[in-house]
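# A look at the structure
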Amino acid sequence: MAENTQTEQLQHDDRQTDKKGGDRFFTLPVNILIFASFMLGMSEFVVVGILPDIASGLKVSEVTVGNLVAIFAFVYAPCTPLGSAISGRFPRFATYLTLMGVFLAGNILCAFAPNYPVLLIARLLIASVSGTLVAISMTFAPDVTTDKYRTKFIAWVFSGFSIASVVGVPVGTWVANTFGWRVTFYLISALTIVLLVLMFTVLPRNSHIIKVGFLSQFRLFFDRRIHLGVLTVVCGAASSYVFYTYLTPILRDEVKLPEQYISLGLVVYGVACLWSNLYAGKLAEHGRGVEPLYHLRWVFLAHAVLLASLAIAHVVSLYGAFVLIVLGMFMYLFNASSQVLYMDVAAQSHPGSMNLAASLNSMSFNIGIAIGSAVGGLANDFLGLTWLGPVGAIFALLAMVMSMMLGPYVGKRIER
């Protein structure tokens with residue numbers, strides 16, 4: 001009996017290896033999940049590129065449209081852990097496709113929004129499911145790739161958002177400038193339909209349904225390592241989004257980039273962000289648990305110095321262009337390290353909270369986006385674009401402090 005069981009297990013492992021594409025990383029399911037992140041990122045970030053077009057089309061101020069970024073994040077943040085905890089109790093494949101359907105409906109509504117309130121409702125609909133979709137994507141890792149590619153998978157799923165910055169946002173901006181901003185959302189909707197068909201065809205249909213109670217999953221939030229990880233990401237994201245929300249006006253008014261080159265500027269910035277996300281995967285390989293994020297404390301300090309120096313852009317445009325590229329290279333360096341922290345702490349101390357843990361990076365980052373965008377709006381109103389970088393530097397310093405506080409947990413075995 002034992003021998004039969006062992007043989008069946010070996011056959012099961014062989015089948016799983018075949019499904020994961022042997023030793024290849026970029027299998028079709030992995031590519032589909034990266035494409036899903038790309039679509040989520042394009043839908044979320046494209047507002048930054050087409051902000052002036054929306055403002056002109058709906059006859060509202062650029063600051064009002066800029067507030068969509070903060071509002072999106074404020075909804076995204078609480079819906080992500082709640083949606084992830086609930087979704088873990090239902091079949092994964094059906095839940096994932098259903099939420100993608102909601103995402104599609106939100107983008108279609110954006111395309112046809114007759115006024116700002118309807119556009120706001122559409123953005124809220126998208127925000128309510130986007131974080132949960134990212135979290136569910138992370139749970140596919142053991143089913144579509146091998147353990148040695150874990151951090152690479154995390155980095156590439158997050159890199160889908162950076163690829164959206166490199167390709168999606170500039171293309172969306174060009175489409176908006178050429179055909180109108182609504183056509184940008186038509187494009188996003190069409191690509192999402194293609195994605196849904198591919199998902200239905202390719203993704204694994206097995207589930208890892210959570211057995212613990214709904215509220216029991218939230219015990220994860222009482223772990224101090226989780227507190228510090230969340231606060232580090234919140235501050236790190238806020239430091240960038242203070243200025244990133246107004247990247248197009250900064251390129252136009254501070255760096256003095258001609259209007260016809262704004263899309264190219266966004267492409268260059270997006271390439272820097274893509275490098276940031278991919279290199280984040282390398283940084284996350286240095287240790288387990290809290291270690292990778294702790295090692296980034298000096299990265300946050302360097303980030304603060306660069307942000308403070310962005311004020312010079314108004315005087316020296318060439319330096320402003322240079323520092324914006326470098327800031328893009330810093331923007332996501334902590335993403336994979338923080339995800340490793342959440343997943344490792346949950347796996348070893350709170351195994352019933354894995355779905356919830358998978359959502360924490362998206363939740364934390366979007367709280368940071370909300371805070372950074374809101375503070376950036378206030379700073380822009382009262383101080384002007386020139387001071388957005390120095391204000392962001394304050395958040396980068398706070399992120400450094402939070403990551404340093406992880407020091408006592410480095411090298412300690414994670415106990416259940």
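Every chain's residues receive numbers from 1 upward, in the order its sequence appears when written. Whole-chain, interface and lining totals are the exception, using all residues; otherwise, since this is a predicted model, local features are given only for residues with pLDDT of at least 70 and side-chain atom pairs are given and counted only at 80 or more. Water and hydrogen atoms were dropped before computing side-chain values, which therefore reflect all heavy atoms in the structure.

### Quick look at the environment of V46
Using the following cut-off: Strands are runs of DSSP state E lasting at least 2 residues, helices are runs of H or I lasting at least 4, and numbering of each runs from the N terminus. Contacts between residues were defined by any pair of non-hydrogen atoms, one from each residue, lying within 4.5 Å.
Relative to the helices and strands, V46 resides in helix α2 (residues 28-58). With residues up to four places along the chain from it excluded, the contact list for V46 reads G41, V169, G172, T184, F185 and I188.

### Examining the packing of α2 against helix α3 (residues 62-87)
Each pair of packed helices can be summarised by the angle the axes make with each other and by the distance between the axes. Formally: Comment: axis = line fitted to C-alpha atoms, over the contacting stretch for helices; angle = value between 0 and 180 degrees taken between N-to-C directions. Oblique is the label for any angle not covered by the other classes, which are roughly parallel (under 35 degrees), roughly antiparallel (over 145) and roughly perpendicular (65 to 115). Left-handed describes a crossing in which the near helix is turned anticlockwise from the far one by less than a right angle; the clockwise case is right-handed. Under the grouping applied here, Gly and all other residues not named as nonpolar or charged are polar, the nonpolar ones being Ala, Val, Leu, Ile, Met, Phe, Trp, Tyr, Cys and Pro and the charged ones Asp, Glu, Lys and Arg.
Two elements in contact, α2 and α3, have axes whose closest approach is 8 Å; the angle formed by their N-to-C orientations is 155 degrees. Put simply, α2 runs roughly antiparallel to α3. The handedness of the crossing between α2 and α3 comes out as right-handed. Here E44, V47, V48, L51, P52, I54 and A55 of α2 come into contact with α3, specifically with E62, V65, G66, V69, F72 and Y76. For the contact of α2 with α3, the per-class residue count stands at 10 nonpolar, one polar and two charged.

### Comments concerning the side chain of S130
Basically, it comes down to this: Exposure categories follow from relative accessible area, calculated using a 1.4 Å probe and restricted to protein chains: below 20% of the type maximum is buried, above 50% is exposed, and the middle band is partly exposed. Here a polar contact is taken to be a pair of N or O atoms separated by no more than 3.5 Å, where protein atoms must pair a possible hydrogen donor with a possible acceptor and residues adjacent in sequence count only if both atoms sit in side chains.
Here S130 is to be found in helix α5 (residues 116-139). Looking at S130, the relative accessible area reads 2%, which means it is buried. Engagement of the side chain of S130 in a polar contact is seen with the backbone oxygen of I126, the distance being 2.8 Å. Beyond its immediate sequence surroundings of up to four residues, S130 is in contact with L40, F72, Y76 and F103.

### Comments concerning helix α9 (residues 224-244)
Convention followed: One less than the residue count of a helix, multiplied by 1.5 Å, gives the span that helix is expected to have.
For α9, built from 21 residues, the straight-helix expectation of 30 Å at 1.5 Å per residue is met to within 8% by its first-to-last C-alpha distance of 30 Å. Along α9, 18 of the 21 residues are buried, which leaves the element largely enclosed by surrounding structure.

### Some points on the side chain of T184
Turning to its location among the elements, T184 is positioned in helix α8 (residues 181-202). Filtering out sequence-adjacent residues up to four positions away, T184 remains in contact with V46, I50, G172, V175 and A176.

### Here we look at the pattern of salt bridges
Worth spelling out the cut-off: The salt bridge criterion pairs a side-chain nitrogen of Lys or Arg with a carboxyl oxygen of Asp or Glu, the two atoms within 4 Å.
Considering all chains together, one arrives at five salt bridges under this definition. Here D223 makes a salt bridge to R225, at a shortest N to O gap of 2.5 Å. Overall, R225 belongs to the buried group, its relative accessible area being 12%. The network of salt bridges with shared partners includes E62, R252 and D253.

### Here we look at α2
Filter applied, for reference: Fitting axes to the seven residues ending at a residue and to the seven starting there, one defines the bend at that residue as the angle between these axes.
The largest bend in α2 is about 75 degrees, located at I50, with the proline P52 one to four residues further on. Of all 31 residues in α2, 24 are buried; the element is thus mostly enclosed. The first or second residue beyond α2 is K59, which carries a positive phi of 60 degrees.

### What to know about the nonpolar core
Here is the rule: Buried residues of nine kinds, namely Ala, Val, Leu, Ile, Met, Phe, Trp, Tyr and Cys, make up a nonpolar core once their side-chain atoms join them within 4.5 Å. As annotated, the domain borders come from an automatic or database domain assignment.
Ranked by internal contacts, the top residues of the largest apolar core, which has 138 residues, are Y96, M199 and F243. With 18 residues, the top contributor of residues to this core is α2. Each of domain 1 (29-202) and domain 2 (214-409) contributes no fewer than three residues to this core. Those residues in contact with F243 that lie beyond four places of it in its chain are I250, Y269, L307, L310, L324, L327 and L388.

### Brief notes about the domain arrangement of the protein
Using the following cut-off: When two components associate, each loses some accessible surface as probed by a 1.4 Å sphere; the sum of these losses over both components is called the buried area.
By the assigned domains, the protein splits into domain 1 (29-202) and domain 2 (214-409). The C-alpha-based centres of domain 1 and domain 2 are spaced at 19 Å. At the junction of the two partners, domain 1 supplies 45 residues and domain 2 supplies 47 residues. Both faces combined, the contact of domain 1 with domain 2 buries some 3700 Å², and carbon together with sulfur accounts for 67% of it.

### Some points on the environment of V48
By secondary structure assignment, the location of V48 is in helix α2. When its relative accessible area of 4% is taken as the criterion, V48 is described as buried. When neighbours within four sequence positions are excluded, V48 is seen to be in contact with V69, Y244, T245, L247 and T248.

### Some details on the packing of aromatic side chains
Ring pairs (aromatic) are described by centroid distance and by the angle formed between their planes. To keep it simple, the criterion reads: The pairing test for Phe, Tyr and Trp rings, Trp by its six-membered ring, is centres within 6.5 Å, and the orientation test on the planes gives stacked under 30 degrees, edge-to-face over 60, and tilted for anything in between. Whether a charge lies above a ring is judged from NZ of Lys or CZ of Arg, which has to be within 6 Å of the ring centre and within 35 degrees of the ring normal.
According to the stated counting rule, one finds 23 aromatic pairs in the structure shown. Between Y241 and Y244 the ring centres are 5.1 Å apart and the planes differ by 75 degrees, which places this aromatic pair in the edge-to-face class. Of this pair, Y241 and Y244 both sit in helix α9, three residues apart, roughly one helical turn. Ring geometry for F300 and F334: centres 5.7 Å apart, planes at 40 degrees, overall tilted. Taken as a pair, F300 in helix α13 (residues 297-309) and F334 in the loop between α14 (317-330) and α15 (335-349) lie far apart in primary sequence, 34 residues in all. Members of the aromatic cluster, connected to one another through ring pairs, are F45, F161, Y241, F243, Y244, Y269, F300, Y332, F334 and F365. One cation-aromatic arrangement involves R205 over F200; the distance from NZ or CZ to the ring centre is 4.6 Å. Positioned above the aromatic ring of Y294, the side-chain terminus of R297 is 4.1 Å from the ring centre.

### Description of the packing of α9 against helix α16 (residues 354-382)
At a closest axis distance of 7 Å, the pairing of α9 and α16 adopts a crossing angle of 40 degrees. As the angle between them shows, α9 and α16 are arranged oblique. Considering only the axes of α9 and α16, their crossing is right-handed. Taken together, the residues that form the contact of α9 with α16 break down as 15 nonpolar, six polar and no charged.

### Quick look at the confidence of the model for the protein
Using the following cut-off: Per-residue confidence from the prediction method is given by pLDDT, with values spanning 0 to 100.
Averaged over every residue, the pLDDT of the protein is 86; residues scoring 70 or more account for 92%. Highest mean pLDDT in the protein belongs to helix α17 (residues 388-404) (96); lowest belongs to helix α1 (residues 2-19) (46). Contacts of residues 1-18 to residues separated by more than four positions or lying in other chains number two contacts, the stretch itself having pLDDT below 50.

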